[in-house]
Amino acid sequence: MADAATILLVDDEESVQKLLSYPLERDGYRVVSARDGEDALERFSEQRVDLVVLDIMLPRLDGLEVCKRLRASSRVPIIMLTARDDELDKVVGLELGADDYITKPFSIREFRSRVRALLRRSSTVAEPHEQVEQLRVDGLLVDLARRVVELDGEPVDLTYVEFEILRTRHCISAGRPFAAAPSRQHQDPSARRRPSQRSRKAPEGQDRR
């Protein structure tokens, strides 16, 4: 499948990796594996990822922290996995930006259904003009899908507003549509025709000087 979705599977247990990779690959997805939190962030930065399956209990960096860091720069769908039926874990994960939660053990049929549902939902929400995922100008790279900016290969830390300004300016230069505030020519005509200070009428009884 040429345009198969890429799924980042993050779990330190080899048995879980094999158990989940097989049905995903059978469904036509490309699976990228990571065994710990830092490895997951590195793999994510190396390629486009369409969905992340993320275990909470991970070495080096736990799943909640990985979820937090991913969500700070990307809207990629995230399914959290946990062996503990702890409501607090679920609440924290969802508050950090996870899209779904599955408690181990779970059926493979349920897992596949949730993966398909999230991928379908994310493709529906995506705007048509975001089919072009990256903008490149000289040494500047703007990754729209992952909300990542690099200059000469080095990452650039931007706030949400700064990224939106950069995205908008480069969408304009590339001739692509974008969602932005109304331009002056689409504003209320009465606002554009507001009289200048000099042209305003002087109040009655006041000399015009």
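Residues numbered from 1 in each chain as written. Predicted model: local features only at pLDDT ≥ 70, side-chain atom pairs only at ≥ 80, totals over all residues. Heavy atoms only, no water.

### Topic: a nonpolar patch on the surface
Logical step 1: Taken together, the side chains of L151, V156 and L158 make up a nonpolar region of the molecular surface, amounting to roughly 210 Å² of accessible area.
Logical step 2: Relative to the helices and strands, V156 is located in strand β9 (residues 154–156). (Patch = residues over 30% accessible without salt bridge, like charges linked within 9 Å, V, L, I, M, F, W, Y side chains within 5 Å. Areas by Shrake-Rupley, 256 points an atom, 1.4 Å probe, with all protein chains shown as cover. Salt bridge = Lys/Arg side-chain N within 4 Å of Asp/Glu carboxyl O. Helix = DSSP H or I, 4+ residues; strand = E, 2+ residues; numbered from the N terminus.)

### Let's talk about the sheet that holds strand β6 (residues 134–137)
Logical step 1: Pairing within the open sheet is antiparallel, and its 4 strands lie in the order β6-β7-β8-β9. Of all strands in the sheet, those bounded by a partner on one side alone are β6 and β9. If you compare each strand with its neighbour and ignore which way they point, the axes differ by 25° on average.
Logical step 2: Bridge analysis of β6 against strand β7 (residues 140–143) gives 4 bridges, and the strand direction is antiparallel. Bridge assignment links V137 to a residue of β7, and that residue is L140. (Pairing = 2+ DSSP bridges. Axes fitted to C-alpha atoms, helices over the stretch in contact; angles between N-to-C directions.)

### Thoughts on helix α2 (residues 37–46)
Logical step 1: Within α2, the full set of buried residues consists of G37, D39, A40 and F44. Buried residues of α2, seen end-on, are gathered within an arc of 155° and therefore sit on one face of the element.
Logical step 2: Looking at the buried residues of α2, the elements they touch are β1 (6–10), β2 (30–34), β3 (51–55) and α3 (63–73).
Logical step 3: Where α2 begins, the capping side chain belongs to D36, and its oxygen is found 3.1 Å from the backbone nitrogen of E38. (Buried < 20%, exposed > 50% of the residue type's maximum accessible area, 1.4 Å probe, protein only. Arc of directions from axis to C-beta. Contact = heavy atoms within 4.5 Å. Polar contact = N/O pair within 3.5 Å; in protein donor to acceptor, adjacent residues only side chain to side chain.)

### Overview of the sheet that holds strand β4 (residues 78–82)
Logical step 1: Strand order in this open sheet of 5 strands is β2-β1-β3-β4-β5, and the pairing throughout is parallel. Of all strands in the sheet, those bounded by a partner on one side alone are β2 and β5 (100–103). Shown here is a sheet whose adjacent strand axes are inclined to one another by a mean of 20°, direction ignored.
Logical step 2: With 5 bridges connecting them, β1 and β2 associate as parallel partners. Bridge pairing in β2 places V10 opposite A34.
Logical step 3: Against the sheet, helix α1 (residues 14–26) touches β1, β2 and β4, its axis set at about 165° to β2.

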